[in-house]
Amino acid sequence: QTLLQATDLRRTYGNLPVLKGINLTIQSGEVVSVVGASGAGKSTLLHILGTLDRPDSGELVLAGESAFTLNDRELARFRNERIGFIFQFHNLLPEFTALENVCLPGFIAGKPEADVRKRAAELLTSLGLKDRIDHFPSQMSGGEQQRTAVARALINQPDIVFADEPSGNLDSQNAQELHQLFFNLRDQFGQTFVIVTHNQQLAELADRTLTIRDGQIGDTKNL
Ligand code: ADP
Ligand code: ADP
């Protein structure tokens, strides 16, 4: 089932064309890696596919919605409810506990507070963070912080999760555990992931690898 369809996405910064007409289809339940040289446009593409940024032209249909025809307010709501994000640096709010950080997108979506708290606690527990629920980010290790960020990305049961170098700041063991977590979530819940990574092992473990070069995209199916 097609979850995401991008048609002729273009993006220029000043007079630097970064995306020169990207066409792309992602199926529900796929884990897709995105690779390419530094400056090739991976983050630019991820931000546009995640609706954090608008393209100069082109269309994005995500979960049945033509995203860029929405106004900014509608798009922000759509993004919060349907899309999860994981960044290289966890971006957790330092003055909130793990539980509160994970709850936040659920509260913003206006879901009942008790339901959100319950799901957040269950998510943290299932990610091995039961005894970190009331800890602040500064009291957790890098691996724990990043798993908390994964729980936050999943709180609203998003259709798709975008990750930008999610293991870029982790040692190799924590990186491997995080990658395994992505595949477990895909196998158990059919969660779809699009992951920008320099980690070759992760890139090759993905179902497909998209390579960005000269503003265009190459698509390789991994065996
Ligand atoms: P990657 O993620 O592959 O390293 P980026 O998408 O971050 O590449 O950047 C692609 C190109 O666009 C780079 O040349 C970068 O300098 C440029 N760029 C990215 N964001 C901006 C911006 N906000 N303003 C101007 N140029 C930008
Ligand atoms: P992980 O494998 O999750 O990265 P570590 O082996 O790095 O965990 O750390 C083990 C324990 O030490 C963690 O459960 C965490 O509570 C604690 N810890 C690690 N780093 C920090 C830190 N910077 N500040 C406070 N506690 C930490």
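A brief look at the structure comes next. Since the structure is predicted, the reported quantities are computational estimates derived from the model, not experimental observations. (Residues numbered from 1 in each chain as written. Chains lettered and ligands numbered in written order. Predicted model: local features only at pLDDT ≥ 70, side-chain atom pairs only at ≥ 80, totals over all residues. Heavy atoms only, no water.)

**Quick word on the site of ligand 1**
Ligand 1 sits among Tyr13, Leu16, Val18, Ala37, Ser38, Gly39, Ala40, Gly41, Lys42, Ser43 and Thr44. In the model, an oxygen atom of ligand 1 is placed 2.8 Å from a nitrogen or oxygen of the Gly39 main chain. In this structure, Lys42 approaches ligand 1 through a main-chain N or O atom, which is 2.8 Å from an oxygen atom. Against a free-state accessible area of 570 Å², the protein chains account for coverage of 55% of ligand 1. Among the elements of the structure, β2 (16–27) and α1 (42–49) are those that each provide at least two residues to the shell around ligand 1. When residues in the shell around ligand 1 are grouped by element, the largest group, 3 residues, is from α1. Across the shell around ligand 1, the residue classes break down as 5 nonpolar, 5 polar and 1 charged. (Near = heavy atom within 4 Å. Polar contact = N/O pair within 3.5 Å; in protein donor to acceptor, adjacent residues only side chain to side chain. Areas by Shrake-Rupley, 256 points an atom, 1.4 Å probe, with all protein chains shown as cover. Helix = DSSP H or I, 4+ residues; strand = E, 2+ residues; numbered from the N terminus. Nonpolar A, V, L, I, M, F, W, Y, C, P; charged D, E, K, R; others polar.)

**Points about the packing of aromatic side chains**
One pair of aromatic rings is described through two measures. These are the centre distance and the angle between the planes. Inspection of the entire model under this criterion finds 3 aromatic pairs. Measuring from centroid to centroid gives 6.0 Å for Phe85 and Phe87, while their planes differ by 5°, and the two rings are stacked. Taking the relative accessible area as the measure of exposure, Phe85 reaches 14% and is therefore buried. Its relative accessible area of 25% is what places Phe87 among the partly exposed residues. Ring geometry for Phe85 versus Phe162: centroids 6.2 Å apart, planes at 25°, classification stacked. Residue Phe85 is found in strand β6 (residues 83–86), and its partner Phe162 is found in strand β7 (residues 160–164); the two are separated by 77 residues along the sequence. One exposure class covers both Phe85 and Phe162, and it is buried. Taken together, Phe85, Phe87 and Phe162 form an aromatic cluster joined through their ring pairs. (Phe/Tyr/Trp six-rings, centres within 6.5 Å; stacked < 30°, edge-to-face > 60°. Buried < 20%, exposed > 50% of the residue type's maximum accessible area, 1.4 Å probe, protein only.)

**Points about the pairing of strand β8 (residues 192–196)**
A regular strand carries its side chains on alternate faces of the sheet. Judged by how many residues are buried, β8 sits mostly within the fold: 5 of 5 residues are covered. The alternating pattern of β8 places Thr192, Val194 and Val196 on one face and Phe193 and Ile195 on the opposite face, and all of these are buried. Here 4 bridges tie strand β3 (residues 31–35) to β8, and the two strands are oriented parallel to one another. Bridge pairing in β8 links Val31 to Phe193. In this fold, the crossover linking β7 to β8 by way of helix α6 (residues 172–189) has right-handed handedness. (Pairing = 2+ DSSP bridges. Right-handed = clockwise from strand over helix to strand, strands pointing away.)

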